[in-house]
Amino acid sequence: MFRKLHIQMTLFSGAVTSSILILMALFCLFVSEKSIKQNTYNTFSNNARSCISYLENENIISHEWLIDVQNTYGIYVKVQDNGYPLFFNKLHFTQKETNAFAIAEKTAMEREGINLSHPHSAIFSIENYYAYTAMIEKTSQPHLNVMILYPLNSLKHQLASQRIIFYTIISFSILLLFIFSWFFTKKMIQPLEKNHKQQTEFIAAASHELRSPLTVILSSVQAIEKSSPEEAAQFYSMIKTEGNRMARLIGDMLSIANADNHSWKVFFAPCELDTLLLDTYEKYEHLMKKRGLQFSISLPDSPLPSCNCDASRITQVLSILLDNAMTYVPEGKKVSLSLSSDSRNFYLYVIDNGPGISEKEKASVFQRFYRVDESRSNKEHFGLGLCIAQEILHLHKGNLKVTDTPGGGATFIISLPR
């Protein structure tokens, strides 16, 4: 599914960006070609007028000047003295150039409406040439008819070379765009794939966790039908226990779902964290003693400023951490609460001297339904507590991390912004 989506997104993004690139490149090519053509036209026009100006001021036309003009400007100059062509034309013009002059004269009369026997001056284009024609009247001698041609071979070659360069660059750019789109869309899809994988794992794990108590309940119901009243009471107790377990799991799953949907509501209000910590300590003191754990609390000597948080949610986080401590910390070990702050954050600590958490497991304990191997048979925990605690702290723009306790054990550190 995601591979097909990846390919479709790559083709779509590559096609869109390539289309935009092609349109922009074609526009730039059009502007560039128009500029080159205009520059060539202006250059020819200036060169032709320079030649006409020279002929107007000179009474003698030398072959050396005509050859020099032809070599310097790349143009062909045909001069007729009172209707008679110069001998230079026969010496230096090929049949191709002679035909071009004939076409230019015909075009000048038919398309431009120029009468070559009357005073005129015009510039126009024919196939493969720019043409300039003019009649120069002399006072001391008959008039001169001048026809100047500029072949467009170099212009066409320049335009063709530029197009090849443009098309090569565009093709290479399109290839790069599709390669970039491939990796970019892959990076975009990765969160979707990860989320889909997490949802699939979540559903599978939730189904497994729900199936276990449901199996016990159904088995107990079947057993009640064949059991005595004394035995039935035991089965009713099992049904109640497993039902409560299912209710806790469903509650945890709803909490996770609300966090995923961003519909989990928190109510911020000024809170005295030392008071909150003390209340939590009093709540768990008896339970810790009952489990044979040494429970203590350490508060700062000077009062701390109020923290803007949802006190009930922070209490929930502390309860999750303390419940885990009562489950995993062996009898006779220590569990303690403490509080500190700096210029940016408040820090709440839940410290134990239990078996600790390995470096490998530290990266996984906040994952959904994750439980260390020693606790997989424990029915009171589903591996959602730390995930819920982390989501609560994210809503507070805080953080939850775990480190090693000096001497052994785990220390969970809650950070809340001041």
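In every chain, residue numbers begin from 1 and rise along the written sequence. For a predicted model such as this one, the threshold for reporting local features is a pLDDT of at least 70, and the threshold for listing and counting side-chain atom pairs is 80 or more; totals across whole chains, interfaces and linings nevertheless cover every residue. No hydrogens and no water enter the side-chain calculation; it runs on all heavy atoms of the structure.

## Some words on the sheet that holds strand S11 (residues 399–404)
In step 1: Taken together, five strands build an open sheet; the order of strands is S7-S9-S10-S12-S11 and the sheet is mixed. Edge positions in the sheet fall to strand S7 (294–298) and S11, since each has one partner strand and no second. Ignoring strand direction, the axes of neighbouring strands in this sheet form an average angle of 15°.
In step 2: The sheet contact formed by S7 and strand S9 (residues 334–341) spans five bridges and is parallel. Looking across to S9, one finds that Ser-296 is bridged to Ser-336. The pairing criterion for strands is at least two bridges between them, as found by DSSP. By the criteria applied, helices consist of DSSP H or I runs no shorter than four residues and strands consist of E runs no shorter than two, each listed in order from the N terminus. Here an axis means a line fitted to C-alpha atoms, over the contact stretch when the element is a helix, while the angle between two N-to-C directions is reported on a 0 to 180 degree scale.

## Overview of the environment of Leu-384
In step 1: Mapped onto the fold, Leu-384 is located in the loop between helix H9 (359–362) and helix H10 (385–395).
In step 2: Judged by relative accessible area, which is 1%, Leu-384 ranks as buried.
In step 3: Each C-alpha atom, one on Leu-384 and one on Leu-249, is 8.5 Å from the other, the two residues being 135 residues apart in sequence. Throughout, exposure labels follow a simple rule: accessible area from a 1.4 Å probe, protein chains only, divided by the maximum for the residue type, with under 20% read as buried, over 50% as exposed, and the rest as partly exposed.

## Some words on the sheet that holds strand S2 (residues 84–85)
Whether parallel or antiparallel, the strands of a sheet pair through hydrogen bonds between backbone atoms.
In step 1: Within the open sheet, the five strands sit side by side as S2-S1-S5-S4-S3. Their pairing is antiparallel. Because the sheet does not close on itself, it has two edges, and the strands there are S2 and strand S3 (121–126).
In step 2: Relative to S2, strand S1 (residues 76–81) is paired through two bridges, and the arrangement is antiparallel. Considered in S2, the bridge of Gln-80 is made with Pro-85.

## Considering the side chain of Lys-78
In step 1: Along the chain, Lys-78 falls in strand S1.
In step 2: Of note is the side chain of Lys-78, whose polar atom sits 2.9 Å from the side chain of Glu-105. Think of a polar contact as two N or O atoms within 3.5 Å of one another; within protein, one of them needs to be a possible hydrogen donor and the other a possible acceptor, and neighboring residues in sequence only count if both atoms come from side chains.

## Concerning the packing of helix H1 (residues 2–57) against helix H2 (residues 63–73)
In step 1: Contact geometry for H1 and H2: axes closest at 12 Å, N-to-C directions at 165°. As summarised for this structure, H1 and H2 are arranged roughly antiparallel, according to the angle between their axes. In this structure, H1 crosses over H2, and the sense of that crossing is right-handed. Residues Asn-47, Cys-51, Tyr-54 and Leu-55 of H1 lie in contact with H2, whose contacting residues are Trp-65, Val-69 and Tyr-73.
In step 2: Note on residue categories: nonpolar means Ala, Val, Leu, Ile, Met, Phe, Trp, Tyr, Cys or Pro, charged means Asp, Glu, Lys or Arg, and polar means any other residue, Gly included. Taken together, the residues of the contact of H1 with H2 break down into six nonpolar, one polar and no charged. By the definition adopted for this analysis, an angle is roughly parallel if under 35 degrees, roughly antiparallel if over 145, roughly perpendicular if from 65 to 115, and oblique otherwise. Crossing handedness: left-handed means the near helix sits turned counterclockwise from the far one by under a right angle, and right-handed means the same turn made clockwise. The contact criterion used throughout is that any non-hydrogen atoms of two residues lie within 4.5 Å.

## Focus: unusual backbone geometry
In step 1: A positive phi angle, near 70°, is found at Asn-128, a position not held by glycine.
In step 2: Tracing the sequence through the fold places Asn-128 in the loop between S3 and strand S4 (129–136).

## A few points about the pairing of S9
In step 1: As paired strands, S9 and strand S10 (residues 345–352) are joined by seven bridges and run antiparallel to one another. Counted as the bridge partner of Ser-338 is Tyr-349 from S10.
In step 2: Connecting S9 to the next strand, S10, in antiparallel fashion are three residues.

## Some thoughts on the packing of helix H8 (residues 311–328) against H10
In step 1: Put simply, H8 and H10 touch, their axes get as near as 9 Å, and they point 155° apart. One way to sum up the angle between H8 and H10 is to call them roughly antiparallel. For the crossing formed where H8 meets H10, the hand is left-handed. Of the residues in H10, those touching H8 at Arg-313, Ile-314, Gln-316, Val-317, Ile-320, Leu-321 and Asn-324 are Gly-385, Leu-386, Ile-388, Ala-389, Ile-392 and Leu-393.
In step 2: Across the contact of H8 with H10, the residue classes tally to nine nonpolar, three polar and one charged.

## A word on the pattern of salt bridges
Oppositely charged side chains can pair when the atoms bearing their charge come close.
In step 1: Definition used for salt bridges: Asp or Glu carboxyl oxygen within 4 Å of a side-chain nitrogen of Lys or Arg. For the structure on display, the rule yields two salt bridges.
In step 2: Arg-163 is paired through a salt bridge with Glu-33; the nearest N and O atoms lie 2.4 Å apart. Remark: Glu-33 occurs in helix H1 and Arg-163 occurs in helix H5 (residues 153–226); sequence separation between them is 130 residues.
In step 3: Residue classification places Glu-33 among the buried residues on the basis of a relative accessible area of 9%.
In step 4: The partner of Glu-105 in a salt bridge is Lys-78, and the shortest N-O contact between them spans 2.9 Å. A residue pair is termed long-range when its members are at least 10 positions apart, and Glu-105 in helix H4 (residues 95–110) and Lys-78 in strand S1 qualify at 27 residues. Of the two residues, Glu-105 and Lys-78, both sit in the buried class.

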